[in-house]
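One letter stands for each residue in the lines below.
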Amino acid sequence: MSARELRFHRDIYAGEAVDEAVKLFSGFADFELREQDDAWIVSLTAKNPAQQTRLCGEFSNFALGLTIQRGGSE
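Quick look at the structure, then. These numbers were taken from a predicted model, which means no experiment stands behind them.

Before going further, it helps to examine the side chain of serine 43. In this fold, serine 43 is placed in strand β3 (residues 39-46). With a relative accessible area of 14%, serine 43 lands in the buried category.

Here three strands make up an open sheet; going across it, the order is β1-β3-β2 and the pairing antiparallel. Looking along the sheet, the strands with just one partner apiece sit at the ends: β1 (4-9) and β2 (29-35). For this sheet, the mean angle separating the axes of adjacent strands, direction not counted, is 25°. Across the sheet, helix α1 (residues 15-25) is in contact with β1, β2 and β3; its angle to β2 comes to roughly 160°. Relative to β1, helix α2 (residues 52-69) is tilted by about 15°, and along the sheet it contacts β1, β2 and β3.

Turning our attention to the environment of serine 60. With respect to the helices and strands, the residue serine 60 is situated in helix α2. Classification of serine 60 as buried rests on a relative accessible area of 18%.

Right, let's get into a nonpolar patch on the surface. Among the surface-exposed residues, Ile12, Leu64 and Ile68 lie close enough to one another that they form a single nonpolar patch of about 270 Å² accessible area. Its place among the elements puts leucine 64 in helix α2.

Locating aspartate 30 in the fold gives a position in strand β2. Counting along the chain gives 16 residues from aspartate 30 to alanine 46, while the straight-line C-alpha distance between them is 6.4 Å. Setting aside anything within four residues of it in sequence, one finds aspartate 30 in contact with Ser43, Leu44, Thr45 and Lys47.

Another aspect to go through is α1. By the burial criterion, the buried members of α1 are Gly15, Ala17, Val18, Ala21, Val22 and Phe25. Projected down its long axis, α1 shows its buried positions confined to an angular sector of 160°, all on one face. For α1, the exposed residues set more than 90 degrees away from the buried face come down to Glu16 and Lys23. Taken together, the buried residues of α1 touch β1, β2, β3 and α2.

About the cut-offs
- Residue positions are given per chain, counted from 1 along the sequence in the order it is written.
- Residue-level local features of this predicted model are given only where pLDDT is at least 70; pairs of side-chain atoms are given and counted only at 80 or more, and the full residue set underlies all totals for whole chains, interfaces and linings.
- Hydrogens and water molecules were not included; the side-chain quantities draw on all heavy atoms of the structure.
- Numbering of helices and strands runs from the N terminus, with a helix taken as a DSSP run of H or I at least four residues long and a strand as a DSSP run of E at least two residues long.
- Residue burial is assigned from relative accessible area. The probe radius is 1.4 Å, only protein chains are included, and a residue is buried under 20% of its type maximum, exposed over 50%, and partly exposed in between.
- Strand pairing follows a simple DSSP-based rule, namely that at least 2 bridges must link the two strands.
- Only C-alpha atoms enter the line fits that serve as axes; for helices the fit covers just the stretch in contact. Angles between N-to-C directions range over 0 to 180 degrees.
- Any two residues whose heavy atoms approach within 4.5 Å at even a single point are treated as in contact.
- Like charges within 9 Å and nonpolar side chains (Val, Leu, Ile, Met, Phe, Trp, Tyr) within 5 Å are joined into patches, using only residues over 30% in relative accessible area that form no salt bridge.
- Computed with a 1.4 Å probe, the accessible areas rest on the Shrake-Rupley method; for each residue, only the protein chains presented here act as cover.
- Take a side-chain nitrogen of Lys or Arg and a carboxyl oxygen of Asp or Glu: if they are within 4 Å of each other, that pair is a salt bridge.
- The reported arc concerns the directions from the helix axis to the C-beta atoms and nothing else.

As far as function goes, none of this settles anything; it's purely spatial.
Here it is in structure tokens:
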């Protein structure tokens, strides 16, 4: 299965939250990370291909929740 690219806009997401989510989800997917001026880009490939779509949603929600716990993107 090919990787799914997720974009996390810097005005909304804390980079530390995205990094922490990657660490916590590493048992379920393989990740590649890169940065752009306006976003963190996460390429996610689920270890169980049948779970790819659900895992992308759960990962995104988790990164947002961690951002909120930290008080925002800054």
